[in-house]
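# A closer look at the structure
Take a look at the letters that make up each chain.
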Amino acid sequence: MTSAIDARTLFLQAMDALQDDAYEKAADLLYSALNHLQHADDAPNLALKAAIHLMLGQLNADMDEIAQAREHLAIAHELYREFNDPIGRARVRLELGELAFWEEQYTIAQKHYERVLALLDHDQEREAQAMALMRLGAIAFEEDEIDRAYTFYERSLKIFEELGDTLSAAGAILELANTLQSEKPAEAERLFLKGFTLANEAGSNYLASLASHGLGVLAADRGDWRQALDYYRTAIDLKNRCGDHEGLIFTYLALGTAERELGDETAAQRAWEQAAELARREGMNEVEDIAKALMRSEPIDWVGH
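For clarity, every value in this text was computed on a predicted model and none was experimentally measured. (Residues numbered from 1 in each chain as written. Predicted model: local features only at pLDDT ≥ 70, side-chain atom pairs only at ≥ 80, totals over all residues. Heavy atoms only, no water.)

## Some thoughts on the overall build of the protein chain
Counting secondary structure elements, the protein chain contains 15 helices and zero strands. Taken along its principal axes, the extent of the C-alpha atoms in the protein chain is 80 × 40 × 35 Å. Long-range pairs, those at least 24 residues apart, make up 52% of the contacts in the protein chain between residues at least 6 apart in sequence. With an accessible surface of roughly 15700 Å², the protein chain has 48% of that area assigned to carbon and sulfur atoms. For the protein chain, the centre of its 29 positive side-chain charges and the centre of its 56 negative side-chain charges are spaced 2 Å apart. (Helix = DSSP H or I, 4+ residues; strand = E, 2+ residues; numbered from the N terminus. Contact = heavy atoms within 4.5 Å. Areas by Shrake-Rupley, 256 points an atom, 1.4 Å probe, with all protein chains shown as cover. Lys, Arg positive; Asp, Glu negative; His and termini not counted. Charge placed at Lys NZ, Arg CZ, Asp CG, Glu CD.)

## What to know about the packing of aromatic side chains
Within a pair of aromatic rings, the relevant descriptors are the distance that separates the centres and the angle that separates the planes. If you walk through the whole model with that rule in mind, you get three aromatic pairs. A connected cluster of aromatic rings, assembled from ring pairs, spans Phe101, Trp102 and Tyr106. (Phe/Tyr/Trp six-rings, centres within 6.5 Å; stacked < 30°, edge-to-face > 60°.)

## Brief notes about unusual backbone geometry
Located in the positive-phi region is Asp64, a residue other than glycine, with phi close to 65°. On the secondary structure map, Asp64 appears in the loop between helix H3 (46–62) and helix H4 (66–82). Given the relative accessible area of 63%, Asp64 is considered exposed. Positive phi, normally seen in glycine, also occurs at Glu104, with a value near 60°. Its place among the elements puts Glu104 in the loop between helix H5 (86–102) and helix H6 (106–119). Judged by its relative accessible area of 58%, Glu104 falls in the exposed class. (Buried < 20%, exposed > 50% of the residue type's maximum accessible area, 1.4 Å probe, protein only.)

## Notes on the packing of helix H9 (residues 166–180) against helix H11 (residues 205–221)
H11 packs onto H9 with a crossing angle of 20° between their chain directions and a minimal axis gap of 10 Å. One way to sum up the angle between H9 and H11 is to call them roughly parallel. Crossing of H9 against H11: the hand is left-handed. Residue-level inspection shows Leu167, Ala170, Gly171 and Leu174 of H9 in contact with H11, the latter providing Leu207, Leu210 and Ala211. Here the contact of H9 with H11 is built from residues that sort into six nonpolar, one polar and no charged. (Axes fitted to C-alpha atoms, helices over the stretch in contact; angles between N-to-C directions. Parallel < 35°, antiparallel > 145°, perpendicular 65-115°, else oblique. Left-handed = near helix turned anticlockwise from the far one by under 90°. Nonpolar A, V, L, I, M, F, W, Y, C, P; charged D, E, K, R; others polar.)

## Quick notes on the layout of surface pockets
The calculated volume of the largest pocket comes to roughly 1000 Å³. Lining the largest pocket are 31 residues, with Trp102, Glu175, Asn178, Tyr206 and Leu210 sitting closest to its centre. Only H5, helix H7 (126–142), helix H8 (146–163), H9, H11 and helix H13 (245–261) provide two or more residues apiece to the lining of the largest pocket. Partitioning the lining of the largest pocket into residue classes produces 17 nonpolar, eight polar and six charged. Of the pockets and cavities examined, the second largest pocket occupies roughly 300 Å³. The wall of the second largest pocket is formed by 13 residues, among which Gln58, Ala61, Asp62, Glu95 and Glu98 lie closest to the centre. Among the secondary structure elements, those contributing two or more residues to the lining of the second largest pocket are H3 and H5. When its residues are assigned to classes, the lining of the second largest pocket shows eight nonpolar, one polar and four charged. (1 Å grid on protein atoms, 1.4 Å probe; cavity = no way out; pocket = protein on both sides within 12 Å on 5 of 7 lines; lining within 4 Å. Points joined across faces, edges and corners; volume = space filled by probe spheres on them.)

## So, the nonpolar core
If you look at the biggest cluster of nonpolar residues, it comprises 69 residues, and the most contacted ones within it are Tyr113, Phe192, Tyr232, Ile249, Tyr252, Leu253 and Leu255. Per element, the largest residue contribution to this core is nine residues, and it comes from H7. Once residues lying within four places of it in the same chain are set aside, the contact partners of Tyr113 are Leu94, Gly97, Glu98, Phe101, Ala132, Arg135, Leu136 and Ile139. (Core = buried A, V, L, I, M, F, W, Y, C linked by side-chain atoms within 4.5 Å.)

## What about H11?
Between its terminal C-alpha atoms H11 stretches 24 Å, which fits the 24 Å expected from 17 residues at 1.5 Å a residue. Taking burial as the measure, the 17 residues of H11 include 12 buried ones, the bulk of the element. Among the residues of H11, those classed as buried are Leu207, Ala208, Ser209, Ala211, Ser212, His213, Gly214, Leu215, Gly216, Leu218, Ala219 and Ala220. Against H9, helix H10 (185–202), helix H12 (225–242) and H13 lie the buried residues of H11. Taken from the residues just after H11, Gly223 is the one with a positive phi, measuring 85°. (Expected span 1.5 Å × (residues − 1).)

## Remarks on the pattern of salt bridges
One pass over the full model with this rule turns up 16 salt bridges. For Arg126, the salt bridge is made with Glu162, and the minimal N-O distance between the two is 2.8 Å. Separated by 36 residues along the polypeptide, Arg126 in helix H7 and Glu162 in helix H8 bring together distant segments of the chain. Accessibility expressed as a relative area gives 15% for Arg126, which makes it buried. By relative accessible area, which is 49% here, Glu162 ends up partly exposed. A salt bridge links Glu277 to Arg280, with the nearest nitrogen and oxygen atoms 2.6 Å apart. Here Arg280 and Glu277 lie together in helix H14 (residues 265–282), a separation of three residues that amounts to about one turn. Take Glu277: its relative accessible area is 27%, and that puts it in the partly exposed class. The partly exposed category is assigned to Arg280, whose relative accessible area is 46%. (Salt bridge = Lys/Arg side-chain N within 4 Å of Asp/Glu carboxyl O.)

Here you go:
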């Protein structure tokens, strides 16, 4: 004899397993919970069933089981629709948007994120709203709709600041800075500096490294190669701390350019060699070729430019 209470117990155990990053254990517990619900002697608990499918969708996405993730999310969405839970539907739509976004299916992702915002009132699931706005900003930026991207990022930042989420606020500020980098470099610099401060407050070496690299690019664009060099070195230190190996490659490429512009050919070659080696390890063949091409280039083509 089984009941929905047994299923809820398993669901709570799965949440505890997730706290310990025990994904496979959590998934097993959730499937057991579904089995208990299927054979329960009492009335079906649709809300619990929907929550289980939502969590299984998230888990499968984390484990790169994308087809299964979509299947569970689709079931969760229909269950939430069945008992008229717009908040549940919005949570599912956010997850479906994430799946489409990371596969660069931007048209599909945009529809999901827009639906998230349409389903929620102003004071509901503020974090989900902020994330949807962030992603809509990223999609607009990819489509070269800069003003629209800026508006989405600003709205997202406002929510993160209201929530006191320093880490996410830092991420939103850096997205704003990237958006303005070409057209309004002075404003972008102010935002990169603010993002750097917030990232450090949140303890994120990764975001701080992005801010420092962005500041280096702005300094290089205005010909201040000494300052660019300092920013790139800071970014490399931070990227080494957080293990951002791909990011290191591009910062080493930029560092080499700054070194050569300042006349230190040996340091430039060393930086590009680092970039080429890291690119080789990461299987980034095209980037490795770029680094090697820079190593073969003549100093006279760079110094003083």
